[in-house]
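In case you want the letters, here they are:
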Amino acid sequence: QVQLVESGGGLVQPGESLRLSCAASGRTASIANMGWFRQAPGKEREFVGEITRSLGYTNYAGSLKGRFTVSLDNVKPTVYLQMNSLKPEDTAVYYCAASDSRSYNYWGQGAQVTVSS
């Protein structure tokens, strides 16, 4: 089993930056990928970005590429989400996730990110 604990959410103004962290514990040797998703009220869960444990390859949602960055401390392991130039439409609960196979089957508790003037 894998446990994920998120931190770093909060309230920011448009144009500012925020960094989320997600620390994994438990059977971390089994983790193949770590990533981020977000969900706003009334909307479907949306993929944000991910990174592979073995090679460090990243993949992002097309609309967020260049503004959001996923990185990984492969020893802990801890995955980060750097969010720059935040917009009000980025407001959502952000979830980190981990996979020991092809699907994400471990999830963090969620971190609220609110972008407002």
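This text follows the structure it describes.
Rules used throughout
Residues numbered from 1 in each chain as written. Predicted model: local features only at pLDDT ≥ 70, side-chain atom pairs only at ≥ 80, totals over all residues. Heavy atoms only, no water. Salt bridge = Lys/Arg side-chain N within 4 Å of Asp/Glu carboxyl O. Helix = DSSP H or I, 4+ residues; strand = E, 2+ residues; numbered from the N terminus. Buried < 20%, exposed > 50% of the residue type's maximum accessible area, 1.4 Å probe, protein only. Core = buried A, V, L, I, M, F, W, Y, C linked by side-chain atoms within 4.5 Å. Contact = heavy atoms within 4.5 Å. Disulfide = S-S within 2.5 Å. Pairing = 2+ DSSP bridges. Axes fitted to C-alpha atoms, helices over the stretch in contact; angles between N-to-C directions.

J.: How should the pattern of salt bridges be read in this particular structure?
T.: It is possible for side chains bearing opposite charge to pair when their charged atoms get close. For the structure shown, the criterion picks out 3 salt bridges. Salt-bridge contacts for Asp90 lead to Arg67; the nearest nitrogen and oxygen are separated by 2.6 Å. Of this pair, Asp90 sits in the loop between strand 8 (78-83) and strand 9 (92-99) while Arg67 sits in the loop between strand 6 (58-60) and strand 7 (68-73), placing them 23 residues apart in sequence. Under the relative-accessibility criterion, Asp90 is labelled buried at 1%. Classification of Arg67 as buried rests on a relative accessible area of 13%.

J.: How should unusual backbone geometry be read in this particular structure?
T.: Negative phi values dominate among residues other than glycine, just as trans dominates among peptide bonds. Look at the link from Lys76 to Pro77: it is a cis peptide, with omega at -10°. Its location among the elements puts Pro77 in the loop between strand 7 and strand 8. One non-glycine residue, Ser85, lies in the positive phi region at around 50°. Considering the arrangement of structural elements, one finds Ser85 in the loop between strand 8 and strand 9. With a relative accessible area of 41%, Ser85 lands in the partly exposed category.

J.: Sorry if this is basic, but what is going on with the nonpolar core here?
T.: Side chains of a nonpolar character, in soluble globular proteins, are inclined to be buried together. Leu4, Leu20, Trp36, Leu81, Met83 and Tyr94 are the most contacted members of the largest nonpolar core, which has 30 residues in total. Those elements giving two or more residues to this core turn out to be strand 1 (2-7), strand 3 (18-26), strand 4 (33-39), strand 5 (46-52), strand 7, strand 8, strand 9 and strand 11 (111-115). Look past the residues within four positions of Leu4 in its chain and what remains in contact with it is Cys22, Ala23, Ala24, Met34, Cys96, Ala97, Ala98, Tyr106, Trp107, Gly108 and Gln109.

J.: How do you make sense of the state of the cysteines when you look at a structure like this?
T.: Two cysteines whose sulfur atoms are joined by a covalent bond form what is called a disulfide. In this structure the tally under the stated criterion is 1 disulfide. The disulfide that involves Cys22 links it to Cys96, with 1.9 Å between the sulfurs. Here the disulfide of Cys22 and Cys96 is right-handed, its torsion about the S-S bond being about 50°. Taken together, the positions of Cys22 in strand 3 and Cys96 in strand 9 put the pair 74 residues apart, joining distant regions of the chain. On the basis of relative accessible area, Cys96 is assigned to the buried category, the value being 0%.

J.: Just to check I follow, could you spell out the sheet that holds strand 1 for this structure?
T.: Strand-to-strand pairing in sheets goes through backbone hydrogen bonds, with the strands running parallel or antiparallel. With respect to topology, 4 strands assemble into an open sheet ordered 1-3-8-7, the strand pairing being antiparallel. Where the open sheet ends on each side, the last strands, each with one partner, are strand 1 and strand 7. On average, each strand axis in the sheet is tilted by 20° relative to the strand beside it, whichever way the strands run. Of the strand pairs in this sheet, strand 3 and strand 8 are connected by 6 bridges, and their pairing is antiparallel. In the sheet register, Cys22 faces strand 8, and the bridge partner there is Val79.

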